[in-house]
Amino acid sequence: MASSAMELSLLNPAAMRHHRGVSAKPSAGLPLARRSVVRFRVSASAATTTAPAKPSGGPKKQGKKEIQETLLTPRFYTTDFDEMERLFNAEINKQLNQAEFDALLQEFKTDYNQTHFVRNPEFKAAADKMEGPLRQIFVEFLERSCTAEFSGFLLYKELGRRLKKTNPVVAEIFSLMSRDEARHAGFLNKGLSDFNLALDLGFLTKARKYTFFKPKFIFYATYLSEKIGYWRYITIFRHLKANPEYQVYPIFKYFENWCQDENRHGDFFSALLKAQPQFLNDWKAKLWSRFFCLSVYVTMYLNDCQRTAFYEGIGLDTKEFDMHVIIETNRTTARIFPAVLDVENPEFKRKLDRMVEINQKIIAIGESDDIPLVKNLKRIPLVAGLVSEIIAAYLMPPIESGSVDFAEFEPQLVY
Amino acid sequence: MVAPATLSLRPCAPPALPRTALARSRAWFAPATRASPTASVPARTFSGLRRAVAVDSDQQGSPEPPEQEKKPKTYYFLVANAKFMLDEEEHFQEQLAEKLRNYAERDKERDFWLVVEPKFLDKFPNITKRLKRPAAALVSTDGHWITFMKLRLDRVLQDHFDAESVEEALASNPVDLNFEKPEKWTAPYPKYEFGWWEPFLPPKSSNGAA
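Residues numbered from 1 in each chain as written. Chains lettered and ligands numbered in written order. Predicted model: local features only at pLDDT ≥ 70, side-chain atom pairs only at ≥ 80, totals over all residues. Heavy atoms only, no water.

A few points about a nonpolar patch on the surface
Residues and elements named next belong to chain A.
Argument step 1. A cluster of nonpolar side chains, I371, L373, L377 and I380, forms an exposed patch at the surface whose accessible area comes to about 420 Å².
Argument step 2. Looking at the element boundaries, L377 is found in helix 16 (residues 372-395).
Argument step 3. With a relative accessible area of 52%, L377 lands in the exposed category. (Patch = residues over 30% accessible without salt bridge, like charges linked within 9 Å, V, L, I, M, F, W, Y side chains within 5 Å. Areas by Shrake-Rupley, 256 points an atom, 1.4 Å probe, with all protein chains shown as cover. Salt bridge = Lys/Arg side-chain N within 4 Å of Asp/Glu carboxyl O. Helix = DSSP H or I, 4+ residues; strand = E, 2+ residues; numbered from the N terminus. Buried < 20%, exposed > 50% of the residue type's maximum accessible area, 1.4 Å probe, protein only.)

So, in structure tokens, the structure goes:
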């Protein structure tokens, strides 16, 4: 049932830019959510309620001006908390590997980044130097990232609260992950204050619609979005370390430590999935796994290809960057999902590139002066083309995968 | 230390800890106790280690052997072929560096090491028959952490053993490591340098865990 809405948002990324009402149905959301999208309100920094934005951001070049509509709002997520409680009730679910959760809890309690997110004067200076389109694009990057982190914060916080009774260990891990996300969101929001802006997170919390996602889909999607987040951040970090001339804003220097948090969050979802073998061990699980991989990869590719200026601004080739991130994320994901896509097959990239071309045409129609009816008519063949590319990519022969803890052939494995 | 503000004491006792890995584990959730078993062995316990360490084994150092109670400790480990551990899985470097940084910040004694071709493998025929060589192991006295790392690395074998001394536990056979360059390196950044793992090998000198 989730699929129709998911496909919609997947297939119609361009159209999404113009709809701000997100359907109440489950949708491809989370993968998008962490990284992206959809319009939100930005107000002058002093207006922030939850974010610890510096009130100091005096000058108001942009004042209260709302950010233009092309920004896609991030969706916030909610789930079936009763089902979550059943899933993590150790008395009902005998599969819970408590040792793994205890180990994770220790790791999260260690709080490696407790003192990492400390700003310095370089930020403001770098922001002041940025002008024109680059400045705009950085603001967008900060907003999208901040909202994505904040969306994680809200979901994890609530899960931490709701699972306290049934599974205090899992609940505490969720709470500690929400600590990380809050820290990240706050840090990004302070970054916005360098540009004399701030996201009104309190407003977002109340005003945003929450998209419902079944627990199973939360696991797949959040696992992927955490791991892909890690690969994106570390790739940018290592690239900039090797090419410091592109280091235009100091936030990237924080990415190496920062993204270790994302990586750990992904590990936690890996343990959650292992605790629910029914989400990993049958043909349906394989189909869902491939579906989520595809929706996350395609969404990222199409999104990023609309924002090449950002990646080029920091010296990256957008498509190369994305393919690297996709390949690495896929390799990581193959350690837990029962099936993944054959993204290293050159045909996969060719398909993605065709999707980008079609998507650009769809966007161009949206920006044309035609009346809405004509626009829609013109879109039909293109959307059909995009759909068929996506389906073809989905049907490419997959790669069987999974944790060796579950593999039947494990005893024959050579390590 | 652990941020007390963000931690609430757990409302109930931890559920029974399954798995051998936890048999000897300590009360890890209370920071204060963390120091007890591990810290009782001073940091510079590495006399004699230098011969033990593979590859780059001739870094020197002269640890002062602590006159310590010699009660056996449990060492938990993950092992796989060195190519996987040190070459393909290079991102693992970030995690080890993070942990080392964390220990330095909190003045915590080091309790984890990478060991290339560890001698203790001889005790595990069931593992060695499934292992490509040379092998590399991640060893720690912290069973929880090893469980966590197994979750992360997945493609590794896990077990544990008791040893009288840390030198004994971490002894290794010398071996030359040689990784071929990947045929295609598509990442927009250079690979970590060969030898990135050296800081994580057992220290051969007293600067070990200082």
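Observations regarding the interface of chain B and chain A
Argument step 1. Each side of the interface is counted separately: chain B has 53 residues, and chain A has 53 residues.
Argument step 2. Taken together, the two surfaces of chain B and chain A that pack against each other cover about 4700 Å², and 52% of this comes from carbon and sulfur.
Argument step 3. The closest approach of N and O atoms between D267 of chain A and R152 of chain B, which form a salt bridge, is 2.6 Å.
Argument step 4. Here chain B and chain A share 27 residue pairs in polar contact (both at pLDDT 80 or more) between them.
Argument step 5. Taken together, the elements giving at least two residues each to the side of chain B that touches chain A come down to strand 1 (73-81), helix 4 (92-105) and helix 6 (143-153) of chain B.
Argument step 6. Top element by residues in the side of chain B that touches chain A is helix 6 of chain B. It accounts for 8 residues.
Argument step 7. The class makeup of the residues in the side of chain B that touches chain A is 26 nonpolar, 9 polar and 18 charged. (Contact = heavy atoms within 4.5 Å. Buried area = accessible area lost by both parts, 1.4 Å probe. Polar contact = N/O pair within 3.5 Å; in protein donor to acceptor, adjacent residues only side chain to side chain. Nonpolar A, V, L, I, M, F, W, Y, C, P; charged D, E, K, R; others polar.)

Describing the nonpolar core
Argument step 1. With 171 residues, the main nonpolar core has F101, Y249, I251, F252, F268 and F348 of chain A together with L86 of chain B as its most contacted residues.
Argument step 2. Counting residues per element, this core draws most heavily on helix 10 (residues 215-242) of chain A, which supplies 15 residues.
Argument step 3. Built from parts of two domains, this core gets at least three residues from each of domain 1 (71-279) and domain 2 (285-404) of chain A.
Argument step 4. In contact with I251 of chain A, other than residues within four places in its own chain, are F123, F141, L142, F187, L188 and W258 of chain A. (Core = buried A, V, L, I, M, F, W, Y, C linked by side-chain atoms within 4.5 Å. Domains from an automatic or database assignment.)

Side note on the UniProt feature "domain: Rubrerythrin diiron-binding" (unreviewed entry) in chain A
Argument step 1. The positions that UniProt labels "domain: Rubrerythrin diiron-binding" (unreviewed entry) are, in the present scheme, residues 140-273 of chain A.
Argument step 2. Taken end to end, residues 140-273 of chain A is 78% helix and 4% strand, and its first and last C-alpha atoms sit 33 Å apart. (UniProt positions renumbered as here; feature names shortened; annotations may be inferred.)

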